[in-house]
Structures are given as C-alpha cells and as structure tokens.
Amino acid sequence: NSVDDVTFIDVHTGLGKSGSDTLLMNDYMDTTCEVDKHFQAPHYKTKEATSVSQGYENVLGTTMHYFGRMLPNNSCLLTQEFGTVPVPVAGIALVVENAIFHKLPKPERLQWSKATVKRAFYPDSEVWRQSVLTHGLRLMHQAIRRTAEKTKHQQSSPAELGETVAADERKGET
C-alpha cells in the first residue's frame, strides 16, 4: 500500500488577529489543495503580502518545504497561523528569550524562557483558547474530509465515482 494524497497542516501561533486563524500555502499548492473547495478559513499564498504572511516568502527550511519533498506531489501542505499578540510584542518576546538563554544561569533559563515565550504565543485567555480549539478542530475535520474524498475518488472507478457523488448529493453532503 502507498499513500497517494496527504493533507498536512503545520500549526503556528503568533501572527495575525488574536484568536483568528489564517491558512498559508505555497504558491504551487493552490491547484493541488483546491483550498476554496475544501477549507473555509481565510487563506493566502505565501507571496501575497498580508499582515500574517508577510516575510514568509523569504523563509527557507519550513516544515512545508521539508515534508513537501517527501510526500506525494498531489499532497496539500498548509500552515495554520493563529494570531496572539501584536507582531512587535511577539518579536520582543523572542529577543528577550534569546537574551535569557545566553545571559542567565542554566537553572533560571527554562523558567524565564517558558514564561516569556508562553505569554506571546499561548495567551492566558479562555476566549483565545476556545477560538483556537474551535478553528483548529474545524480545519482538522475539513482536512480529513478532503483526504477521504480524494482517497475515495482515487479508489473508485468512474462509474462508482458517479454513483457515490450522486448518492452524496441526494443526502446533501456535497
């Protein structure tokens, strides 16, 4: 058995409006993923300059690049970015965490680093956590549905596929 299609989601926190999610995809992924068809979150190609994606077009060595080389060509690789705090605050938190790593004694590093980074990338807000959980589960269900649909289509003959689509339409599933 081999896998012909994978939906891969790399989840990040930090950029964008607090509690909102944005999907980022490589420019070549649009036709493979059929993002408009399968996913409801706002989505952008990495070359589109938005407050969330700005700068990603220059990043090398992302998870999408790494796994994109190993997975089948028709796989769908996305980054789901959840907003937390304003970008300058997240940036400052990373600078402070780096300084802590280099300047504090080892026993204190972990405590300070965890507190600093956690505040910026995992806010202490029940509303934020609920929003992330809701949006994350929604995307996971959409990804499972996409992969199941692609797998069902790949394993079906054209006649079986037509029957399946017609049955789904009668049930209101498409």
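Here the structure is a predicted model, which means the values were calculated and not measured.

## Overview of the overall build of the protein
Within the protein, the secondary structure is distributed over seven helices and four strands. Reading the helices (α) and strands (β) of the protein from amino to carboxyl end gives β-β-α-α-β-α-β-α-α-α-α. In the protein, buried positions account for 33% of the 174 residues. Partitioning the intrachain contacts of the protein with sequence separation of at least 6 by distance along the chain shows that 73% fall at a separation of at least 24. About 11,100 Å² of surface is accessible on the protein, with carbon and sulfur atoms providing 57% of the total.

## Considering the confidence of the model for the protein
Chain-level pLDDT for the protein is 78 on average; 73% of the residues reach the 70-or-more range. Taking the mean pLDDT of every element in the protein, the minimum, 54, falls on helix 7 (residues 158-171) and the maximum, 91, on helix 4 (residues 87-103).

## Notes on the nonpolar core
Grouped together as the largest cluster of nonpolar side chains are nine residues: L23, M25, C33, V35, F39, C76, L78, L139 and A143. Looking at this core, the elements that each hand over two or more residues are strand 2 (21-25), strand 4 (76-83) and helix 6 (126-155).

## Some details on the side chain of D10
Position of D10 relative to the elements: it lies in strand 1 (residues 7-18). Judged by relative accessible area, which is 15%, D10 ranks as buried. Here the side chain of D10 touches H12 through a polar contact of 2.9 Å, side chain to side chain. Excluding its chain neighbours within four sequence positions, the residues that come into contact with D10 are T63, L78, T79 and Q80.

## Details of the pattern of salt bridges
Applying the stated criterion across every chain, the model contains three salt bridges. One salt bridge in this structure joins D21 and R138, with 2.8 Å as the shortest N-O distance. One end of the pair, D21, is in strand 2; the other, R138, is in helix 6, and 117 residues separate them in sequence. For R138, a relative accessible area of 27% translates into the label partly exposed. Measuring nitrogen to oxygen at the nearest pair gives 3.5 Å for the salt bridge that ties D124 to R129. By relative accessible area, which is 25% here, R129 ends up partly exposed.

Conventions we followed
Along each chain, the written sequence defines residue order, and numbers are assigned to residues from 1. Totals for whole chains, interfaces and linings use every residue, but because this is a predicted model, local features are given only for residues with pLDDT of at least 70 and side-chain atom pairs only at 80 or more, for both listing and counting. In computing side-chain properties, one takes all heavy atoms of the structure into account and sets aside hydrogens as well as water. Numbering of helices and strands runs from the N terminus; a helix is a DSSP stretch of H or I covering at least four residues, while a strand is a stretch of E covering at least two. Each residue's exposure class comes from its accessible area (1.4 Å probe, protein chains only) as a fraction of the maximum for that residue type: buried when under 20%, exposed when over 50%, partly exposed otherwise. Contact definition: two residues touch when any of their heavy atoms are within 4.5 Å. Here the open area of atoms and residues is found with the Shrake-Rupley method and a 1.4 Å probe, where only the protein chains shown may cover a residue. Confidence scores labelled pLDDT are given residue by residue by the predictor and lie between 0 and 100. The term nonpolar core refers to a set of buried residues drawn from Ala, Val, Leu, Ile, Met, Phe, Trp, Tyr and Cys, joined through side-chain atoms within 4.5 Å. In protein, a polar contact requires one atom able to donate a hydrogen and another able to accept it; more generally it is a pair of N or O atoms within 3.5 Å, and residues adjacent in sequence count only if both atoms are side-chain atoms. Between Lys or Arg on one side and Asp or Glu on the other, a salt bridge is scored when a side-chain nitrogen of the former is within 4 Å of a carboxyl oxygen of the latter.

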